[in-house]
Amino acid sequence: MIRVPIVPRGNWQEEVEKWGMLYHTFDDKPYWSESACYVFASTEIEVIEKATNDLEAMCMAAVQHVIDKKRYAELHIPDKAIPAIEWSWGADVPSLYGRFDLAYDGVQPPKLLEYNADTPTALLEAAVIQWQWLKQVQPEADQFNSIWEALVAKWKKLKDEPGCLTKNFVHFAHQDSLEDLMTVTLLRDTAQEAGIQTDGLHMEDIGWDSTDNTFIDLQNRVMTSIFKLYPWEWILKDEFSGNLLETVKEVKWIEPIWKMILSNKGILPILWELYPDHENLLPSYFDGPRDLSDYVKKPLLSREGANITIKYGDQIAETEGQYGAEGFIYQKLFELPNLNGNFPVLGSWVIDGEAHGIGIRESDNLVTDDYSRFVPHYFK
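We now turn to the structure provided with this report. Just so it is clear, the model here is predicted, and its values are computed rather than measured.

Observations regarding the overall build of the chain
- A count of helical and extended segments in the chain gives nine helices and 21 strands.
- Against the compact-globule benchmark of 21 Å for 380 residues, the chain has a radius of gyration of 20 Å, which places it among compact chains.
- For the C-alpha atoms alone, the extent of the chain along its principal axes is close to 60 × 50 × 35 Å.
- In the chain, buried positions account for 56% of the 380 residues.
- Sequence separation of at least 24 residues holds for 69% of the intrachain contacts in the chain that already meet a minimum separation of 6.
- With the model as given, the accessible surface of the chain reaches about 16,400 Å², and the carbon-plus-sulfur share is 48%.
- Across the chain, 34 positive and 61 negative side-chain charges occur, with their mean positions spaced 3 Å apart.

Here's the deal with the packing of aromatic side chains
- As enumerated under the stated definition, the model contains 16 aromatic pairs in all.
- Relative to W349, the ring of Y97 has its centre 6.0 Å away and its plane inclined at 20 degrees; by these criteria the two rings are stacked. Here the residue Y97 occupies a position in strand β5 (residues 97-103), and W349 occupies one in strand β18 (residues 343-351), the gap between them amounting to 252 residues. One exposure class covers both Y97 and W349, and it is buried.

Quick look at the packing of helix α4 (residues 123-137) against helix α6 (residues 178-193)
- Interhelical geometry of α4 versus α6 gives an angle of 55 degrees and a closest axis separation of 9 Å. On the basis of their axis angle, the class for α4 and α6 is oblique. Like other packed secondary-structure pairs, α4 and α6 cross with a definite hand, here left-handed. Packed against α4, whose contacting residues are L123, L124, E125, A127 and V128, the element α6 presents E179, M182, T183, L186 and L187 at the interface.
- Class assignment for the residues of the contact of α4 with α6 results in seven nonpolar, one polar and two charged.

With respect to the sheet that holds β5
- If you walk across this open sheet you meet the five strands as β6-β5-β18-β19-β20, and the pairing is antiparallel. Looking at which strands have only one partner, the edges of the open sheet turn out to be β6 (111-116) and β20 (373-375). Strand after strand, the sheet turns through a mean of 35 degrees between neighbouring axes, direction not considered.
- Alignment of β18 against strand β19 (residues 354-363), held across nine bridges, turns out to be antiparallel. When the sheet's bridge partners are listed, S348 is paired in β19 with I358.
- Along the sheet face, α4 touches β5, β18, β19 and β20 and points at about 30 degrees away from the line of β20.

Quick notes on the sheet that holds strand β7 (residues 169-174)
- On the basis of which strands lie adjacent, the open sheet formed by four strands has the order β8-β7-β11-β12 and parallel pairing. A strand with exactly one partner marks an edge of an open sheet, and here the two such strands are β8 (197-202) and β12 (252-254). Strand-to-strand twist of the sheet, defined as the mean angle between neighbouring strand axes without regard to direction, takes the value 25 degrees.
- Relative to strand β11 (residues 225-229), β7 is paired through four bridges, and the arrangement is parallel. Within β11, the position partnered with H171 by the bridge is I226.
- Running over the sheet, α6 touches β7, β8 and β11 and is turned about 170 degrees from β7.

Topic: the packing of helix α2 (residues 42-69) against helix α9 (residues 267-274)
- With their axes 10 Å apart at the nearest point, α2 and α9 run at an angle of 100 degrees to one another. Between α2 and α9, the angle is such that the two are roughly perpendicular. Contact residues: M58, C59, A62, H65 and V66 in α2; I267, I270, L271, E273 and L274 in α9.
- Here the residues of the contact of α2 with α9 sort into eight nonpolar, one polar and one charged.

Regarding the pairing of β11
- Counting buried residues in β11 gives five out of five residues, a clear majority hidden from the surface.
- Across the two faces of β11 the burial is the same, with S225, F227 and L229 and I226 and K228 all buried.
- In the sheet, β11 pairs with β12 via three bridges, with the strands oriented parallel. The residue bridging S225 from the neighbouring strand is K252, located in β12.

Notes on α9
- Within α9, six of the eight residues are buried, which leaves the element mostly enclosed by the surrounding structure.
- Looking only at α9, the buried set comprises I267, L268, P269, I270, L271 and W272.
- Along its buried surface, α9 packs onto α2, β6, β13 (284-285) and β17 (328-332).

Quick look at the layout of surface pockets
- Of the voids in this model, the second largest pocket is the one considered here, and its volume is about 270 Å³.
- Those elements giving two or more residues to the lining of the second largest pocket turn out to be α2, β5 and α5 (147-160).
- Looking at the lining of the second largest pocket, its residues break down into 11 nonpolar, three polar and seven charged.

What about the nonpolar core?
- One finds F40, I48, I85, I261 and I267 to be the most contacted residues of the largest nonpolar core, which totals 71 residues.
- Ranked by residue count, the leading element in this core is α2, at nine residues.
- With residues up to four places along the chain from it excluded, the contact list for I261 reads V63, V66, I67, Y72, L75, I77, I85 and I267.
- Core analysis: the second largest hydrophobic core is formed by 43 residues, C37, A191, A194 and I351 among them.

A closer look at α4
- Look at α4: 21 Å from first C-alpha to last across 15 residues, which is about the 21 Å you get at 1.5 Å a residue.
- Bending of α4 peaks at approximately 30 degrees at the position of I129.
- For α4, the full list of buried residues reads L123, L124, E125, A126, A127, V128, I129, Q130, Q132, W133 and L134.

Thresholds applied
- All residue numbers here refer to positions counted from 1 along the written sequence of the relevant chain.
- For this predicted model, a pLDDT threshold of at least 70 governs which residues receive local features, and a threshold of 80 or more governs which side-chain atom pairs are given and counted, while totals over whole chains, interfaces and linings are taken from all residues.
- Only hydrogens and water are removed before side-chain values are computed, so all heavy atoms of the structure are retained for them.
- A run of H or I in DSSP becomes a helix once it reaches four residues, and a run of E becomes a strand once it reaches two; helices and strands are each numbered from the N terminus.
- We take the radius of gyration over the C-alpha atoms and set the globule estimate at 2.2 Å times the residue count to the 0.38 power.
- Partly exposed residues are those whose accessible area sits between 20% and 50% of the maximum for their type, while under 20% is buried and over 50% is exposed, using a 1.4 Å probe and protein chains only.
- Residues are treated as being in contact if the distance between any of their heavy atoms lies within 4.5 Å.
- A 1.4 Å probe and the Shrake-Rupley method give the accessible areas. Residues count as covered only by the protein chains that appear here.
- Asp and Glu are treated as the negative residues and Lys and Arg as the positive ones, with His and the ends of the chain left uncounted.
- Charge positions come from single atoms, namely NZ of Lys, CZ of Arg, CG of Asp or CD of Glu.
- Between 30 and 60 degrees the pair is tilted, below 30 it is stacked and above 60 it is edge-to-face, where a pair is any two Phe, Tyr or Trp rings, Trp via its six-membered ring, whose centres lie within 6.5 Å.
- Every axis corresponds to a line fitted to the C-alpha atoms, with the helix fit spanning only the stretch in contact, and the corresponding angles, defined between N-to-C directions, vary from 0 to 180 degrees.
- Working definition: roughly parallel below 35 degrees, roughly antiparallel above 145 degrees, roughly perpendicular at 65 to 115 degrees, and oblique for all remaining angles.
- By definition, any crossing whose near helix is turned counterclockwise from its far helix by less than a right angle is left-handed, and any crossing with a clockwise turn is right-handed.
- Under the grouping applied here, Gly and all other residues not named as nonpolar or charged are polar, the nonpolar ones being Ala, Val, Leu, Ile, Met, Phe, Trp, Tyr, Cys and Pro and the charged ones Asp, Glu, Lys and Arg.
- The criterion for strand pairing is that DSSP finds at least two bridges linking the strands in question.
- Cavity and pocket criteria rest on a 1 Å grid covering protein atoms alone: a 1.4 Å probe that fits but cannot get out defines a cavity, protein on both sides within 12 Å along at least 5 of 7 lines defines an open pocket, and an atom within 4 Å of a point defines a lining residue.
- Grid points are joined across faces, edges and corners, and a volume is the space filled by probe spheres set on the points.
- Take the buried residues of types Ala, Val, Leu, Ile, Met, Phe, Trp, Tyr and Cys, join any two whose side-chain atoms come within 4.5 Å, and each joined set is a nonpolar core.
- Multiplying one less than the number of residues by 1.5 Å gives the expected span of a helix.
- One axis is fitted to the seven residues ending at the residue and one to the seven starting there. The bend at that residue is the angle between these axes.

Shown next, in the form of structure tokens:
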């Protein structure tokens, strides 16, 4: 794995906007960055793919373990959600996608930093934008990227399997943000390619019909299959959470509520407990750093690098944010590769339980946050 400086396309803004990426620049700095790219050997891609599939299998076993051992309190999962979690897991309510964040230097095995299992973003740039870049800039090369095709295949499976979707129609709900809108638009496009009808709305526009005990959209249509780009822990704090939990067997939610177990960083110490010394895991604990001299303190529930504390030697670095009330975990610090002042993290995408591609975000330090750049890749 190497980082290669390159000259951006002269019309790169126009090119990425053509494919829907309207948020390519933050504060006059490129978020989509093609002034460099990452180049892998095919053997390195095989390593990443295997690690991702192994981690997914371990995570499924960890969900079963949490349910069997009733370890919800350690994850700060509210009691009212437990019956729905256990029902959805037992009923094998399907999952669409997720994203593992991996540390990888091309030498050591990839290490799991966290699992974005419920509301992963950076999907448009991973599935579409870097693929279009590849076809223009490196047409003879390959890219670890079958995300789009895998999403279409999964939607087709959901459409064809009895009980997965209702009326061959899916509502897509999200927050009022451009990035979330474009993520949902991509997912709607893949669903429509699979022959599913879709409509989109904001989360706050979902209504409740107390007469028929159903969720309704802005046209008063009953909502029976809902993709939501909105965290489960936030939903459970909303006023309609009781209605949701009462109707969880009738309404098909994507991602399913059992994903609460995996979208929580408390899954990291549980994985380390179940698979100690596994080559793709880092030592992680609930009760403090123990014997870790260098570590990262992470909130159970947080996003975009908020409320992180890094202890490295005698130095301590902290990020701000609004998370941490639920508690923290402690994970051994893995030094990201420093490539001329750029620190990459690999987002490895799982579609229908299998690895289907990567996207790379790089930072100027060890914390990946909102301003971390997305950089394309290819392999030989």
